[in-house]
Amino acid sequence: MGSSGAERAAKRLFLAALCGVCQALQGGILFPTESPSREVKDVSGLWSFRADLSPERSRGFEQQWFKGPLAETGPVIDMPVPSSYNDITQDGKIQDFIGWVWYEKDVWVPSRWIQDRGTRIVLRVGSAHYYSMLWVNGVKVTEHVGGHLPFEADISGVLRQTSVNPCRITIAVNNTLTLETLPPGTIQYMNDRTRYPAGYFVQNTNFDFFNYAGIHRSVLLYTTPQAHIDDITVETTFSDNIGLVSFNVSVLGSSKPAVKVTLSAHDGRCVASADGSRGVLKVTDVNLWWPYLMHENPAYLYSMEVQATAEDGQTDVYTLPVGIRTIKVTNKQFLINNKPFYFHGVNKHEDADIRGKGFDWPLVVKDLNLMKWMGVNSFRTSHYPYAEEILQMADRHGIVIIDECPGVGIKDIRSFGNVSLAHHLTVMEELVRRDKNHPSVVMWSVANEPASEMPPAGLYFKELVSHTKSLDSSRPVTYITASNYARDLGAPYVDVICVNSYLSWYHDPGHTELISLQLNTQFDNWYGKYQKPIIQSEYGADAVPGLHSDPPMMFTEEYQKTVLQNYHNVFDQKRKEFVIGELIWNFADFMTSQNIIRVVGNKKGIFTRQRQPKAGAFLLRERYWRIANETGVLPTWARYPCL
């Protein structure tokens, strides 16, 4: 393991930015929507792009590429936004690039936005991996640590001071992972000059998916009045036929705003209203938000319109979908609206050919349709927060979500230090702040398969879980474990035990006859020690599509199907007791780094990467619909799907 000036500089930048982010987490991060007082302009599309290939990855800062057009300092290529940059070109150096890349686009800003000083202009990036700096017309406007979550900056002053139109937006993104980032990683310099050239290094990680990088979600410009609605928090409950919606509205730019909140039904009829920034809306004959396949009228959403009027008469309007539902966890059940809910779902990845982790509407809609076809009622955002648009789709369709932060691959004891914890707490603040109002989100996951048996893990996860609950007391908190039940130091602090196990795959490979004994033992050990409900949060086996064998052999579709059937037999016993869910790994095949156990990616999907079904998909479809017919109250069309 070596070091360099670039690595030390990257760490200094990370620490400085982390302090800035901790100070900046005061405001809201409402999803940009249009209203009578707000406009949105999507500036995604083709951007100019360059990777900084200098040995120290620092030439862009030394030459101040942000000061002028990027093409004036060297060659650029077209890069679509949103997308990962890795698979767009034919250049292997770009595919595996680690370090700073630079994006630039000239954007026309409507002149009325700039001329009206009562208008606030905001630049928002949906996500970029992992450390970003933004400039407008050569002026730095913000920076952000971490991927998967949005960040933004008020650029009104810069636009009015520089008076340049079109304005030039420059974004530098660095995908380097360190022991303090989420996910963590290390840079290893190869110092054997008989085998590696000077300065040769690799990025080491402890996660099993490709480290895609770039600007992965839309880049937007949007406006608000200077006195504007900054944040909204809703919490819901009900009693008999009365629904209660508690709200808290934060308004910036006005010391005494007049706030009016109106809740409307599907047909536009007002069902409740109140004045003031805090209050409770009372809804008679409430329509509850129910999960898909659990009720004949699932996913009912009210529309909550918030109006904030400043002293000068300027009014801001924001509309938020609201689902009224409750969540409760007992020692054996997960209750939604006081009814037992059983998770029959999938784990996913934001991953697809060419675009990598870039947001893509056709893919999002296709995945939703496949999940509903299968009878999926839930999924986990493994192993990071997904795009807000995906959560909005889940709200509208009743798909339940376990919302996970990017805490994957925490295996090194040095990643349990104070700097790592501070960053992890900040990421959870950003995640809860973004997703707190989604009825589809029923549980927070603070990590995936950490080394939770290491001595620092107990205090680390005690603080992390406690902090998350302080941010949102209405949802349970978990993390995903693969540790031994007797040595897991974080399990005492979570509300639900989520266990990953790959019996007859990573353990006793080829021996499916052992699954029943070992899985029963796993469940009994975990429940016996902690007396908490359990979700089998991952299980499965690789299947190369079209590869067949009878008797079943590893990597064939038959073997994957046999593994699933053996797990299901145990699930059917234990769901009568304390097992509350099963999530297959994985929904679809996905890309990983190149290594000797992965043949062009992970093949544990029940669909191929191109979303074509393997045999396991039909097995799960039959199972999930059978469970739904046993446990749900389904509309007539859903009771007897054509299997």
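Given the structure is predicted, the values throughout are model-derived calculations rather than measurements.

Student: I keep staring at the pattern of salt bridges and nothing clicks. Help me out?
Tutor: Two side chains with opposite charge may pair up if their charged atoms get near one another. The tally for this structure, following the rule as stated, stands at 35 salt bridges. A salt bridge links Glu-404 to Arg-380, with the nearest nitrogen and oxygen atoms 2.8 Å apart. In this pair, Glu-404 is assigned in strand 27 (residues 400–404) and Arg-380 in strand 26 (residues 378–380), connecting sequence segments 24 residues apart. Exposure remark for Arg-380: the relative accessible area of 0% places this residue in the buried category. The closest approach of N and O atoms between Glu-630 and Arg-575, which form a salt bridge, is 3.0 Å.

Student: So what exactly am I meant to see when it comes to the UniProt feature "domain: Glycoside hydrolase family 2 catalytic" (unreviewed entry) in the chain here?
Tutor: Mapped onto this numbering, the UniProt entry gives "domain: Glycoside hydrolase family 2 catalytic" (unreviewed entry) at residues 327–628. Structurally, residues 327–628 is divided into 35% helix and 16% strand, and its ends, taken at the C-alpha atoms, are 19 Å apart.

Student: Teacher, can you tell me more about the UniProt feature "domain: Glycosyl hydrolases family 2 sugar binding" (unreviewed entry) in the chain here?
Tutor: The feature "domain: Glycosyl hydrolases family 2 sugar binding" (unreviewed entry), as annotated in UniProt, sits at residues 41–225 in this numbering. Across residues 41–225 one finds 11% helix and 41% strand; the C-alpha atoms that close the span lie 16 Å apart.

Student: What exactly am I supposed to notice about the packing of helix 6 (residues 361–374) against helix 7 (residues 388–397) here?
Tutor: Between two packed helices, the angle of one axis relative to the other and the distance separating the axes together describe the packing. Where helix 6 meets helix 7, the closest approach of the two axes is 11 Å, and the angle between their N-to-C directions is 35°. Note that helix 6 runs across helix 7; the crossing there is right-handed. The segment helix 6 lies against helix 7, with Trp-361, Val-364, Val-365, Leu-368 and Lys-372 engaging Glu-389, Ile-390, Met-393 and His-397. Looking at the contact of helix 6 with helix 7 residue by residue, the classes come out as 6 nonpolar, 1 polar and 2 charged.

Student: Looking at this structure, I do not really get the packing of aromatic side chains. What am I missing?
Tutor: The description of an aromatic ring pair uses the distance of the two centres, along with the angle that the planes make with each other. Under the defined criterion, the tally for this structure stands at 38 aromatic pairs. With a centroid separation of 5.4 Å and 45° between ring planes, the pair formed by Tyr-384 and Tyr-386 is classed as tilted. Residue classification places Tyr-386 among the buried positions, given a relative accessible area of 1%. Between Tyr-527 and Phe-578, the ring centres sit 4.2 Å apart and the planes meet at 5°, which makes this aromatic pair stacked. Pair noted here: Tyr-527 is in helix 10 (residues 515–530) and Phe-578 is in the loop between helix 11 (557–574) and strand 32 (579–584), with a separation of 51 residues, a long-range link. Given a relative accessible area of 8%, Tyr-527 falls into the buried group. In this structure, Lys-372 is placed above the aromatic ring of Tyr-292, and the distance from its NZ or CZ to the ring centre is 5.1 Å.

Each value, and the rule that gives it
Residues numbered from 1 in each chain as written. Predicted model: local features only at pLDDT ≥ 70, side-chain atom pairs only at ≥ 80, totals over all residues. Heavy atoms only, no water. Salt bridge = Lys/Arg side-chain N within 4 Å of Asp/Glu carboxyl O. Helix = DSSP H or I, 4+ residues; strand = E, 2+ residues; numbered from the N terminus. Buried < 20%, exposed > 50% of the residue type's maximum accessible area, 1.4 Å probe, protein only. UniProt positions renumbered as here; feature names shortened; annotations may be inferred. Axes fitted to C-alpha atoms, helices over the stretch in contact; angles between N-to-C directions. Left-handed = near helix turned anticlockwise from the far one by under 90°. Contact = heavy atoms within 4.5 Å. Nonpolar A, V, L, I, M, F, W, Y, C, P; charged D, E, K, R; others polar. Phe/Tyr/Trp six-rings, centres within 6.5 Å; stacked < 30°, edge-to-face > 60°. Lys NZ or Arg CZ within 6 Å of the ring centre and 35° of its normal.

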